[in-house]
Amino acid sequence: MRWIRRALIAILLLLVLAFGLLFSLQNVQSVPLDLVAMKLSERPLAVWLLAAFALGGLAGLAAGSLALVKLQANRYRLRRRLEACERELSELRGSALRH
């Protein structure tokens, strides 16, 4: 079963690479990129689009990682609070049995 998953991932990766190659071959015209603060030199359109795609992916990973860190910190805080409540409950049960 594991080899099927690896094969599917390999096929998907090859398809993405083939699509990227075909995309690059179809978009070879050079265009300058004019940002608000600066003007970048001419590069093929595929380079600018693939760079934007990669930067967007990295930004998404960074945002997702930040959310994950916040969730893990909240989970850790809640776990410590739960352990304290469980200790208090066991102490209360123990003292109720003694009386």
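Calculation notes
Residues numbered from 1 in each chain as written. Predicted model: local features only at pLDDT ≥ 70, side-chain atom pairs only at ≥ 80, totals over all residues. Heavy atoms only, no water. Helix = DSSP H or I, 4+ residues; strand = E, 2+ residues; numbered from the N terminus. Buried < 20%, exposed > 50% of the residue type's maximum accessible area, 1.4 Å probe, protein only. Areas by Shrake-Rupley, 256 points an atom, 1.4 Å probe, with all protein chains shown as cover. Lys, Arg positive; Asp, Glu negative; His and termini not counted. Charge placed at Lys NZ, Arg CZ, Asp CG, Glu CD. Patch = residues over 30% accessible without salt bridge, like charges linked within 9 Å, V, L, I, M, F, W, Y side chains within 5 Å. Salt bridge = Lys/Arg side-chain N within 4 Å of Asp/Glu carboxyl O. pLDDT = per-residue confidence, 0-100. Expected span 1.5 Å × (residues − 1). Pairing = 2+ DSSP bridges. Phe/Tyr/Trp six-rings, centres within 6.5 Å; stacked < 30°, edge-to-face > 60°.

### Concerning the overall build of the protein chain
Stage number 1. A tally of helices and strands in the protein chain yields two helices and two strands.
Stage number 2. Secondary structure elements of the protein chain, listed N to C terminal, follow the sequence α-β-β-α.
Stage number 3. Relative to its 99 residues, the protein chain shows a buried fraction of 3%.
Stage number 4. Put simply, the protein chain shows about 9200 Å² of open surface, and 69% of that area lies on carbon and sulfur atoms.
Stage number 5. When the 14 positive and 6 negative side-chain charges of the protein chain are each reduced to one mean point, those points stand 6 Å apart.

### A closer look at a nonpolar patch on the surface
Stage number 1. Residues Met1, Trp3, Ile4, Leu8, Ile11 and Leu15 make up a contiguous nonpolar surface patch of roughly 740 Å² in combined accessible area.
Stage number 2. As for its position among the elements, Leu8 is in helix H1 (residues 2-26).

### Quick notes on the confidence of the model for the protein chain
Stage number 1. For the protein chain, the mean per-residue pLDDT works out to 91, and 97% of the residues sit at or above 70.
Stage number 2. Per-element mean pLDDT across the protein chain ranges from 89 in strand E1 (residues 30-34) up to 92 in helix H2 (residues 45-98).

### Observations regarding H1
Stage number 1. In this model, H1 (25 residues) spans 36 Å end to end at C-alpha, consistent with the 36 Å of a helix rising 1.5 Å per residue.
Stage number 2. When you tally the buried positions in H1, you get zero out of 25 residues, a small fraction of the element.

### Some words on the pairing of E1
Stage number 1. Relative to strand E2 (residues 39-44), E1 is paired through four bridges, and the arrangement is antiparallel. By the bridge assignment for E2, Ser30 is matched with Pro44.
Stage number 2. Following E1, the chain reverses through four residues before pairing antiparallel with E2.

### With respect to the packing of aromatic side chains
Stage number 1. Under the definition given, this model contains one aromatic pair.
Stage number 2. When the centroid spacing of 6.4 Å and the interplanar angle of 25° are considered together, the rings of Phe19 and Phe23 count as stacked. Taken together, the residues span about one helical turn, with Phe19 and Phe23 both in helix H1 at a distance of four residues.
Stage number 3. On the accessibility criterion, Phe19 (59% relative accessible area) is exposed.
Stage number 4. Judged by its relative accessible area of 25%, Phe23 is partly exposed.

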